[in-house]
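So you can see what is in the structure, the chains are spelled out below.
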Amino acid sequence: MTITFRVKDETRTPVAPQFITHLRAVALCRLLTEKALRLGEDMVYPIHGSLDSASYAFEARVCPVALAQLSRIFYDWPPAIALLDEAQFRRRRLRMTRASAHGRVIMEISTSHDFAPEVTMPNAGAYALLRTLGLSPDSYGAISLTDMRRRLTDPVIRGRLEGDPKGLGRYVHDLERMVETDTVSGQLSMAWT
């Protein structure tokens, strides 16, 4: 079992989720896979299932891709363009969810920040990290980025992280990148599940 740490933005957006076809979701994944190869970083984050499954969910990074390229996938359909534009403006990923083999795909703005890295750790390591940060070692939770930033700059906590024999220091760089994340509105948090 693993626990993933990610930056979240719970601010509500004015753009409603849209239904799209499975073929549009596949086309989006193809485009993002090509971009991922060029950029050398992940662009699609599976949550469950795969595009070959009857049901699936995944998050897609859309901020590094030109809006014109993305909108072509949806044949310049205005509701899809509005959703893509809002996701890029708010620096958030898209979330695609399909409940059954014959169902439509729901495309919506995710709460996950597009530019922030994710850190996935085995449960034991994640619990050790949480204890070192002075947090309760639960399998899920959240902390404001402001509070997380304060903890990472605390000399005592930083010394524990960098001197940990289990190797927690190797996660410090990604955690620092996470707390440097900004937003156009709202309060960001680091969440783990």
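Please refer to the structure higher up on the page.
Residues numbered from 1 in each chain as written. Predicted model: local features only at pLDDT ≥ 70, side-chain atom pairs only at ≥ 80, totals over all residues. Heavy atoms only, no water.

**Student:** I would appreciate a short explanation of the packing of aromatic side chains in the present structure.
**Tutor:** How two aromatic rings sit relative to each other is set out by the distance from centre to centre and by the angle between their planes. Tallied over the entire structure, the rule returns two aromatic pairs. With a centroid separation of 5.9 Å and 40° between ring planes, the pair formed by Phe 5 and Trp 192 is classed as tilted. Here Phe 5, found in strand β1 (residues 2-9), pairs with Trp 192, found in strand β9 (residues 188-192); they are 187 residues apart in sequence, far enough to count as distant. The pair Phe 5 / Trp 192 is uniform in exposure class, with both members buried. Look at Tyr 56 and Phe 58: their rings are 6.0 Å apart centre to centre, the planes differ by 25°, and that puts the pair in the stacked class. In this pair, the class of Tyr 56 matches that of Phe 58, namely buried. Note that Arg 93 overlies the ring of Tyr 45, its terminal NZ or CZ placed 3.9 Å from the centroid. (Phe/Tyr/Trp six-rings, centres within 6.5 Å; stacked < 30°, edge-to-face > 60°. Helix = DSSP H or I, 4+ residues; strand = E, 2+ residues; numbered from the N terminus. Buried < 20%, exposed > 50% of the residue type's maximum accessible area, 1.4 Å probe, protein only. Lys NZ or Arg CZ within 6 Å of the ring centre and 35° of its normal.)

**Student:** Which parts of the structure should I look at to understand the layout of surface pockets?
**Tutor:** Sizing a probe to match a water molecule and rolling it over the atoms shows the empty space that remains. There is about 440 Å³ of room inside the largest pocket. Taken together, 23 residues form the lining of the largest pocket, with Glu 59, Arg 95, Ile 109, Ser 110 and Thr 111 sitting closest to its centre. Counting only elements with at least two residues in the lining of the largest pocket, the list comes to β1, β3 (44-48), β5 (92-98) and β6 (105-113). Per-element accounting of the lining of the largest pocket gives the leading share, five residues, to β6. Here the residues of the lining of the largest pocket sort into eight nonpolar, five polar and 10 charged. (1 Å grid on protein atoms, 1.4 Å probe; cavity = no way out; pocket = protein on both sides within 12 Å on 5 of 7 lines; lining within 4 Å. Points joined across faces, edges and corners; volume = space filled by probe spheres on them. Nonpolar A, V, L, I, M, F, W, Y, C, P; charged D, E, K, R; others polar.)

**Student:** Would you take a moment to explain the pattern of salt bridges for this structure?
**Tutor:** Two side chains with opposite charge may pair up if their charged atoms get near one another. The tally for this structure, following the rule as stated, stands at 13 salt bridges. Glu 41 is the partner of Arg 61 in a salt bridge, and the nearest nitrogen-oxygen pair spans 2.5 Å. Within this pair, whereas Arg 61 is found in the loop between β4 (56-60) and α2 (67-73), its partner Glu 41 is found in the loop between α1 (22-39) and β3, the two being separated by 20 residues in sequence. For Glu 41, a relative accessible area of 36% gives the class partly exposed. Residue Arg 61 pairs with Asp 114 through a salt bridge whose shortest N-O separation is 2.9 Å. Taken together, the residues span a long stretch of sequence, with Arg 61 in the loop between β4 and α2 and Asp 114 in the loop between β6 and β7 (119-122) at a distance of 53 residues. Judged on exposure class, the residue Arg 61 and its partner Asp 114 are both buried. If you follow the salt bridges from partner to partner, you end up with Arg 6, Glu 59, Arg 93 and Glu 118 in one network. (Salt bridge = Lys/Arg side-chain N within 4 Å of Asp/Glu carboxyl O.)

**Student:** Looking at this structure, how should I read the state of the cysteines?
**Tutor:** In a disulfide, the sulfur atoms of two cysteines are covalently bonded to one another. Per the stated rule, a full pass over the model turns up zero disulfides. Not engaged in a disulfide, the cysteine Cys 63 finds its nearest cysteine sulfur in Cys 29; these two sulfurs lie 16 Å apart. Since its relative accessible area comes to 15%, Cys 63 is described here as buried. (Disulfide = S-S within 2.5 Å.)

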